[in-house]
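Now for the letters of each chain:
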Amino acid sequence: MSQARTGPNGRGGSRRPSAAVIRRRRIVVASLAGALVLLVVIFTAVVWPGFARSPEPEPTTTVTGPPPTPTIEPSGRPEDQTAFLMAMPDTVLQLALREAVPHDAWVDDVDAVEAWELTYADGDGGGATRVDVLAGQWEDGDGAAGTYEALVKAAGDPTDEGDVQVDGETVGSYVVTPGSAEGTAVVTWRNGTAVLQATGPAELVQDFYSAYPL
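Read on for a plain summary of the structure.

## Digging into the pattern of salt bridges
Part 1 of the reasoning: What the rule picks out here adds up to three salt bridges.
Part 2 of the reasoning: One salt bridge in this structure joins Arg 77 and Asp 90, with 2.7 Å as the shortest N-O distance. Within this pair, whereas Arg 77 is found in the loop between helix H1 (19-47) and helix H2 (83-86), its partner Asp 90 is found in the loop between H2 and strand E1 (91-92), the two being separated by 13 residues in sequence.
Part 3 of the reasoning: The salt bridge involving Arg 130 is made with Asp 132; its shortest N-O contact spans 2.8 Å.
Part 4 of the reasoning: For Asp 132, a relative accessible area of 29% puts it in the partly exposed group.

In structure tokens form, the structure reads like this:
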């Protein structure tokens, strides 16, 4: 009869691993599992490009209302109009032309070929919102530039200024200055041989200038 094998303590069976060995095995298994997860993530990011990118934010949509329009009809044009006067708009934003009369001072004093005083308003009477425009034309750009510079100098310190551009080409410049009455402002601009100056409510007159087609 053969003798059964016994362990060091005289008991049968194989030796159980120590606690230190078990801990090392667990660390190895956990490290291999972590490496496997990392490989899966990298593989997925390469094969499926959108996986690794954050979703792009949705574009912000700005809703703007239609531009304001006048509630009254334009009026006040003389029967015999020059081409320059005909180029002046009937309406600008919510304002309509109410009067157009010659501005003789620019013709007599600063050699304008012609000049006009134009009144735009959103109604009749003293409660109406109103913008007054002086518009003149000179024979050449030098004459217009000289008048423009004199008007700007007399208007005071500018609150805004820049170039006047037509089809991407600079044809003149503009300056915004405070008006003589409280709450008003003045925009003076030159477009080639034409010089214009608009006076009205400070919160409106610069938008009026931007919408003016000349």
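## Looking at the sheet that holds strand E7 (residues 184-191)
Across a sheet, strands are paired by hydrogen bonds formed along the backbone, either parallel or antiparallel in direction.
Part 1 of the reasoning: Pairing within the open sheet is antiparallel, and its eight strands lie in the order E1-E2-E3-E4-E8-E7-E6-E5. Bordering the open sheet on either side are E1 and strand E5 (160-166), each of which pairs with just one other strand.
Part 2 of the reasoning: In this sheet, E7 lies alongside strand E6 (residues 169-178) in antiparallel orientation, the contact comprising five bridges. Residue pairing in the sheet places Tyr 174 in a bridge with Trp 189 of E7.
Part 3 of the reasoning: Helix H4 (residues 141-155) rests against E6, E7 and strand E8 (194-201) of the sheet, and its axis sits at about 160° to E7.

## Let's talk about the side chain of Thr 188
Part 1 of the reasoning: Within the secondary structure, Thr 188 is located in strand E7.
Part 2 of the reasoning: Given the relative accessible area of 1%, Thr 188 is considered buried.
Part 3 of the reasoning: A polar contact of 2.8 Å, which involves the side chain of Thr 188, links it to the side chain of Gln 197.

## Side note on the packing of aromatic side chains
Part 1 of the reasoning: All told, the structure shown has seven aromatic pairs when counted by the stated rule.
Part 2 of the reasoning: Here Tyr 120 and Phe 208 contribute two aromatic rings whose centre-to-centre distance is 5.4 Å and whose plane-to-plane angle is 65°, an arrangement assigned as edge-to-face. Taken together, the residues span a long stretch of sequence, with Tyr 120 in strand E3 (residues 114-121) and Phe 208 in helix H5 (residues 202-211) at a distance of 88 residues. By the burial criterion, Tyr 120 is buried, and Phe 208 matches it.
Part 3 of the reasoning: When the centroid spacing of 5.8 Å and the interplanar angle of 70° are considered together, the rings of Trp 189 and Tyr 212 count as edge-to-face. Note that Trp 189 is positioned in strand E7 and Tyr 212 in the segment after H5, a separation of 23 residues in sequence.

## Observations concerning H5
Part 1 of the reasoning: Within H5, the full set of buried residues consists of Leu 204, Val 205, Phe 208 and Tyr 209. Along the long axis of H5, the arc covered by the buried residues comes to 135°, so they all point the same way. Facing away from the buried surface of H5 by more than 90 degrees, the exposed residues are Glu 203 and Ser 210.

## Observations regarding the nonpolar core
Part 1 of the reasoning: In this structure, Met 88, Leu 118, Tyr 120, Val 133, Trp 189, Phe 208 and Tyr 212 are the most contacted members of the largest nonpolar core, which totals 27 residues.
Part 2 of the reasoning: Those elements giving two or more residues to this core turn out to be H2, strand E2 (95-102), E3, strand E4 (130-137), E6, E7, E8 and H5.
Part 3 of the reasoning: Per-element tally for this core: the top contributor is H5, with four residues.
Part 4 of the reasoning: In this view, Phe 208 contacts Val 92, Leu 93, Leu 95, Tyr 120, Val 131, Val 133 and Ala 198; residues no more than four positions away in its chain are not counted.

## Side note on a negative patch on the surface
Part 1 of the reasoning: Taken together, the side chains of Glu 99, Asp 104, Asp 108, Asp 109, Asp 111, Glu 117, Glu 139, Asp 140 and Asp 142 make up a negatively charged region of the molecular surface.
Part 2 of the reasoning: In terms of residue count, the dominant contributor to the negative patch is helix H3 (residues 104-109) (three residues).
Part 3 of the reasoning: Within the secondary structure layout, Asp 142 lies in helix H4.

## Some details on the environment of Leu 93
Part 1 of the reasoning: Here Leu 93 is to be found in the loop between E1 and E2.
Part 2 of the reasoning: With 23 residues separating them along the chain, Leu 93 and Pro 70 place their C-alpha atoms 6.9 Å apart.
Part 3 of the reasoning: Setting aside its immediate chain neighbours within four residues, Leu 93 contacts Pro 68, Thr 69, Pro 70, Leu 204, Asp 207, Phe 208 and Ala 211.

Here is what the cut-offs are and how they apply
Residues numbered from 1 in each chain as written. Predicted model: local features only at pLDDT ≥ 70, side-chain atom pairs only at ≥ 80, totals over all residues. Heavy atoms only, no water. Salt bridge = Lys/Arg side-chain N within 4 Å of Asp/Glu carboxyl O. Helix = DSSP H or I, 4+ residues; strand = E, 2+ residues; numbered from the N terminus. Buried < 20%, exposed > 50% of the residue type's maximum accessible area, 1.4 Å probe, protein only. Pairing = 2+ DSSP bridges. Contact = heavy atoms within 4.5 Å. Axes fitted to C-alpha atoms, helices over the stretch in contact; angles between N-to-C directions. Polar contact = N/O pair within 3.5 Å; in protein donor to acceptor, adjacent residues only side chain to side chain. Phe/Tyr/Trp six-rings, centres within 6.5 Å; stacked < 30°, edge-to-face > 60°. Arc of directions from axis to C-beta. Core = buried A, V, L, I, M, F, W, Y, C linked by side-chain atoms within 4.5 Å. Patch = residues over 30% accessible without salt bridge, like charges linked within 9 Å, V, L, I, M, F, W, Y side chains within 5 Å. Areas by Shrake-Rupley, 256 points an atom, 1.4 Å probe, with all protein chains shown as cover. Lys, Arg positive; Asp, Glu negative; His and termini not counted. Charge placed at Lys NZ, Arg CZ, Asp CG, Glu CD.

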